[in-house]
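# Structural overview
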Amino acid sequence: MSSDEKALFDILYAKYRKMALCKKEMALETGLSISTLDRLRKKGLGCAYIKKGEGDVFYPLTELAKYYTNVVQTY
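I will try to describe carefully the structure that is included in this document.

What counts, and at which threshold
- Residues numbered from 1 in each chain as written.
- Predicted model: local features only at pLDDT ≥ 70, side-chain atom pairs only at ≥ 80, totals over all residues.
- Heavy atoms only, no water.
- Pairing = 2+ DSSP bridges.
- Helix = DSSP H or I, 4+ residues; strand = E, 2+ residues; numbered from the N terminus.
- Buried < 20%, exposed > 50% of the residue type's maximum accessible area, 1.4 Å probe, protein only.
- Contact = heavy atoms within 4.5 Å.

So, on to the pairing of strand 3 (residues 56–60). Bridging between strand 1 (residues 20–22) and strand 3 involves three bridges; their strand directions are antiparallel. Along strand 3, the bridge assignment pairs alanine 20 with proline 60. As judged from the three bridges shared by strand 2 (residues 50–52) and strand 3, these two strands associate in the antiparallel manner. Residue pairing in the sheet places isoleucine 50 in a bridge with phenylalanine 58 of strand 3. Hairpin connection of strand 2 to strand 3: three residues between the antiparallel strands, including glycine 53 at a positive phi of 60 degrees.

The subject of this paragraph is helix 3 (residues 34–42). For helix 3, every residue scored as buried is listed here: Thr36, Leu37, Asp38 and Arg41. Lining the buried residues of helix 3 we find helix 2 (23–30) and strand 3. Directly beyond the C-terminal end of helix 3, a positive phi value near 75 degrees is found at glycine 44.

Encoded structure:
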């Protein structure tokens, strides 16, 4: 994990006090709708995730930090 990823992880962990976000929390954090997150996941795009049980999806904070530091935003 790079220093930027570590710093971002620390911020996210301090905010949520857990290691992974559910779809609703991820949508609020990223500003994307749940349906957009679902569509990205089905296309193999977006942040890495963990699938548990009967379709429960969680996004590890470590993967979110990597995603945030590697995504190039254009305006």
